[in-house]
Protein chains: 2
Amino acid sequence: MTYCLSMRLQEGLIFLGDTRTNAGVDNVSTYRKVHLFQPTPDRLFVLEAAGNLATTQEVLDRIDHDLYDPGAHESLATVGHLFEAALYVGRLSREVAARHHAALAEVGADGTATFLLGGEIQGDDPDILLIYPEGNYIRASDDRPFLQIGESKYGKFTLELAVASQVNLTTATKIALTSMVSTAGANLSVGPPYDLVIYRNGTFEPFEARINADSPFLSRLEAVWAKHLHEAIVELPTIQEGDLET
Amino acid sequence: MTYCLSMRLQEGLIFLGDTRTNAGVDNVSTYRKVHLFQPTPDRLFVLEAAGNLATTQEVLDRIDHDLYDPGAHESLATVGHLFEAALYVGRLSREVAARHHAALAEVGADGTATFLLGGEIQGDDPDILLIYPEGNYIRASDDRPFLQIGESKYGKFTLELAVASQVNLTTATKIALTSMVSTAGANLSVGPPYDLVIYRNGTFEPFEARINADSPFLSRLEAVWAKHLHEAIVELPTIQEGDLET
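This section reports on the structure supplied with the text. (Residues numbered from 1 in each chain as written. Chains lettered and ligands numbered in written order. Predicted model: local features only at pLDDT ≥ 70, side-chain atom pairs only at ≥ 80, totals over all residues. Heavy atoms only, no water.)

Scanning the entire structure with this criterion turns up seven aromatic pairs over all chains. Taken together, a centroid distance of 6.4 Å and an interplanar angle of 40° make the contact between Phe83 of chain A and Tyr137 of chain A tilted. Residue Phe83 of chain A is found in helix H2 (residues 82-106), and its partner Tyr137 of chain A is found in strand E9 (residues 137-139); the two are separated by 54 residues along the sequence. Phe83 of chain A sits in the partly exposed class, given a relative accessible area of 29%. Between Phe157 of chain A and Phe157 of chain B, the ring centres sit 3.8 Å apart and the planes meet at 5°, which makes this aromatic pair stacked. With Phe157 of chain A in helix H3 (residues 156-164) and Phe157 of chain B in helix H3 (residues 156-165), the pair connects residues from two separate chains. Put simply, the rings of Phe157 and Trp225 of chain A together with Phe157 and Trp225 of chain B pair up and form one aromatic cluster. (Phe/Tyr/Trp six-rings, centres within 6.5 Å; stacked < 30°, edge-to-face > 60°. Helix = DSSP H or I, 4+ residues; strand = E, 2+ residues; numbered from the N terminus. Buried < 20%, exposed > 50% of the residue type's maximum accessible area, 1.4 Å probe, protein only.)

Of the two same-sequence chains, chain A is brought onto chain B (RMSD 0.0 Å, axial shift 0.0 Å) by a rotation of 180°. What the rotation and shift describe, once combined, is the action of a two-fold rotation axis. When each C-alpha of chain A is compared by its distance to the rotation axis, Tyr154 of chain A comes out closest, at 2.4 Å. Taken as a fraction of all interface residues of chain A, those also at the interface in chain B reach 98%, which identifies the copy contact as same-surface. (Least-squares fit on C-alpha atoms with pLDDT ≥ 70 in both. Contact = heavy atoms within 4.5 Å.)

Moving on to the sheet that holds strand E12 (residues 207-211) of chain B. All names here are of chain B. The antiparallel open sheet is built from five strands, whose spatial order is E10-E1-E2-E11-E12. Each of the sheet's edge strands pairs with one partner strand only, and the pair in question is strand E10 (146-150) and E12. Ignoring strand direction, the axes of neighbouring strands in this sheet form an average angle of 10°. Relative to E12, strand E11 (residues 194-200) runs antiparallel, the two being bridged by five bridges. Pairing of Ile198 across the sheet is with Phe207, part of E12. Relative to the sheet, helix H4 (residues 169-186) contacts strand E1 (3-8), strand E2 (12-17), E11 and E12, its axis offset from that of E2 by approximately 20°. (Pairing = 2+ DSSP bridges. Axes fitted to C-alpha atoms, helices over the stretch in contact; angles between N-to-C directions.)

With 46 residues of chain A in contact, the opposing surface of chain B contributes 46 residues. Counting the surface lost from both chain A and chain B, the interface buries some 4500 Å², and carbon and sulfur atoms represent 69% of this. Area buried by chain A at its contact with chain B is led by Lys153, Ile233 and Leu236 of chain A, which between them contribute 14% of it. On inspection of chain A and its partner chain B, the count reaches two salt bridges. Put simply, Lys153 of chain B and Glu151 of chain A hold a salt bridge, and the shortest N to O gap is 3.0 Å. Of all elements in the fold, only H3, helix H4 (169-186), strand E12 (207-211) and helix H5 (216-235) of chain A reach the threshold of two or more residues within the side of chain A that touches chain B. Here the residues of the side of chain A that touches chain B are counted per class, giving 22 nonpolar, eleven polar and 13 charged. (Buried area = accessible area lost by both parts, 1.4 Å probe. Salt bridge = Lys/Arg side-chain N within 4 Å of Asp/Glu carboxyl O. Nonpolar A, V, L, I, M, F, W, Y, C, P; charged D, E, K, R; others polar.)

Encoded structure:
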């Protein structure tokens, strides 16, 4: 599996993805799932991928090919809006999956992929979108301005907290990391290193970083998080007889 | 869906289940999923059910029928050990699901159910077991002495904490409730009232309670939990340049 998330905040966008890949319980490996595209100075895209690794790699290769091969193709350099970029990636994803469908179906495998696409095209508001294997997309809502793909359940609660408290980019990055750490702690198919992109709206200059498994920062974060959760549990109210319908 | 959990502690056992049932997004209703059986004074069983509601009801009816109808059947009164009780419930579950399989398959429905069974039979150690739709079972391990059925991912992190810190029955009950509340907050198919059973080993006297949606205790618990998580997020370390491989 995979866990990738993106958050849309007042100040900017955050993207975080794990790197673990596996085929069943075997062939566990490390692949980047967070990809940055900046085809022209007035546009920036971050694409996060979950699903069949061969499909996501072929989609990425086709995106690159369309960008760097001269011609009149649609590409991330030509789309006018983020939603058009989402439809473009969705079309590639559907085409790749469809081409391999029959062969994969024979061995009971699924060649589909799901993507998160975010970024900014000058003149439009920055945004994040989720692209379904069917090629259509949804935006993050204003009420819940985050999106997740892959193993999204374990780490959802921290993202909900972020939403509740209108946090800034720095705090949101911490929240994204606790969401990732909670997920990796609960599910073997998600693991470090983690790839992070922080984008401040209007700058067209992303901050990109990788956080490794042995990072002292990650250890500090995990320790502080666990300590507070333990304290929270100790301070939770105890059930009294009057609280219950027995 | 459903969320039921059980924990096996030094002092005793905890069972907690939600009550929401649904068919798709419709026909949302409230049914008890935590059931207590005490057929003789020297044995106590708690059975939690997830899956097809018709199947779980028929299984419960057959358990009752076997208990109260005179005859030489196997029943919860005759089994010698908890693992035999698990195999007995597993057999009923498989029989009921098999009988309705063809009719349900015609409409694309699944009639299977999964159970958590816990309790004590005098002379044996108290224990908790998970019964698969196939009728076989697993025990909780010593390293991770809890079991979950239904929507188990959202609320797993708090149970992991409990394990890490060797808590007592009172604290474990709080942890079980935060696990339930976190799950219900993230997933519409899980909701109050919540049914709780606390069992102190060797007593054969369970404490049973229902916690309603409008319970002031539940509001206090949710408020304290949210406050601490917010504080935790604020105190998490901020990423410094040196922490990252950029």
